[in-house]
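# Coordinate analysis (summary)
This is what each chain is made of:
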Amino acid sequence: QVQLVESGGGLVQPGGSLRLSCTASRIIFNQYFVGWYRQSPGKEREMVAIMGPGGTLRYSDSVKGRFTISRDTTKNVYLQMNSLKPDDTAVYYCNVRYGPQNYWGQGTQVTVSS
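### Structural notes on the sheet that holds strand 8 (residues 76-81)
Read across the sheet, 4 strands follow the order 1-3-8-7 without closing on themselves; strand pairing throughout is antiparallel. Each edge of the sheet is formed by a strand with only one pairing partner; in this case those strands are strand 1 (4-7) and strand 7 (67-71). On average, adjacent strands in this sheet sit at an angle of 15 degrees to one another, irrespective of strand direction. Alignment of strand 1 against strand 3 (residues 18-24), held across 4 bridges, turns out to be antiparallel. Note that in strand 3 the partner of Val5 across the bridge is Thr23.

Right under this line is the structure:
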């Protein structure tokens, strides 16, 4: 029902920054949960950041203090990534959830390397 498209990934040097964007095909209401997940080859998909109703936030311990999730009032979700490390290299996925409804984007590759 909801299509999500990520953008903003790419190659960046350690210590650099990237801002990922997720655009939905419809308005993401405030009562929806939005989040970012990532997956590297040979690893399980992991939660990176989640924003819930009322602006509640949850971050993976590995990104606390470096990443920031945000959203606008319409259909966009963002992930600001600072002080990037090689271990941040992964495909990043946008997620929108409301009750039994769960939507995923196609993912965008982030590569942190010298």
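### Regarding the pattern of salt bridges
Within the structure shown, the criterion is met by 4 salt bridges. A salt bridge links Asp61 to Lys64, with the shortest nitrogen-to-oxygen separation between them at 3.2 Å. Residue Asp61 shares its accessibility class with Lys64, and that shared class is exposed. In this structure, Asp88 engages Arg66 in a salt bridge whose closest nitrogen and oxygen atoms are separated by 2.8 Å. With Asp88 in the loop between strand 8 and strand 9 (90-98) and Arg66 in the loop between strand 6 (57-59) and strand 7, this pair connects stretches of sequence that are 22 residues apart. The same class applies to Asp88 as to Arg66, namely buried.

### Comments concerning the side chain of Ser60
By the element assignment, Ser60 lies in the loop between strand 6 and strand 7. Reaching out from Ser60, the side chain makes a polar contact with the side chain of Ser62 at a distance of 3.0 Å. Among residues more than four places away in sequence, those in contact with Ser60 are Glu46, Met47 and Val48.

### Here's the deal with the packing of aromatic side chains
Taken as a whole, this structure holds 3 aromatic pairs when the rule is applied. Measuring from ring centre to ring centre gives 6.0 Å for Phe29 and Tyr32, while their planes differ by 65 degrees; the resulting arrangement is edge-to-face. With relative accessibility at 38%, the residue Phe29 sits in the partly exposed group. Three or more aromatic residues joined by ring pairs form one cluster here, namely Phe29, Tyr32 and Tyr98.

### Topic: the pairing of strand 4 (residues 33-39)
Most of strand 4 sits out of view: 5 of its 7 residues are buried. Two strands pair when backbone bridges link them, and strand 4 and strand 9 are joined in this way by 7 bridges, in the antiparallel orientation. Across the sheet, the residue bridging to Gly35 is Asn95, located in strand 9. Note: strand 4 against strand 5 (residues 46-51), 5 bridges, orientation antiparallel. The partner of Val34 across the bridge, within strand 5, is Met51. In sequence, strand 4 turns back onto strand 5 through a hairpin of 6 residues, with Gly42 there showing a positive phi of about 80 degrees.

Cut-offs used in this document
Residues numbered from 1 in each chain as written. Predicted model: local features only at pLDDT ≥ 70, side-chain atom pairs only at ≥ 80, totals over all residues. Heavy atoms only, no water. Pairing = 2+ DSSP bridges. Helix = DSSP H or I, 4+ residues; strand = E, 2+ residues; numbered from the N terminus. Axes fitted to C-alpha atoms, helices over the stretch in contact; angles between N-to-C directions. Salt bridge = Lys/Arg side-chain N within 4 Å of Asp/Glu carboxyl O. Buried < 20%, exposed > 50% of the residue type's maximum accessible area, 1.4 Å probe, protein only. Polar contact = N/O pair within 3.5 Å; in protein donor to acceptor, adjacent residues only side chain to side chain. Contact = heavy atoms within 4.5 Å. Phe/Tyr/Trp six-rings, centres within 6.5 Å; stacked < 30°, edge-to-face > 60°.

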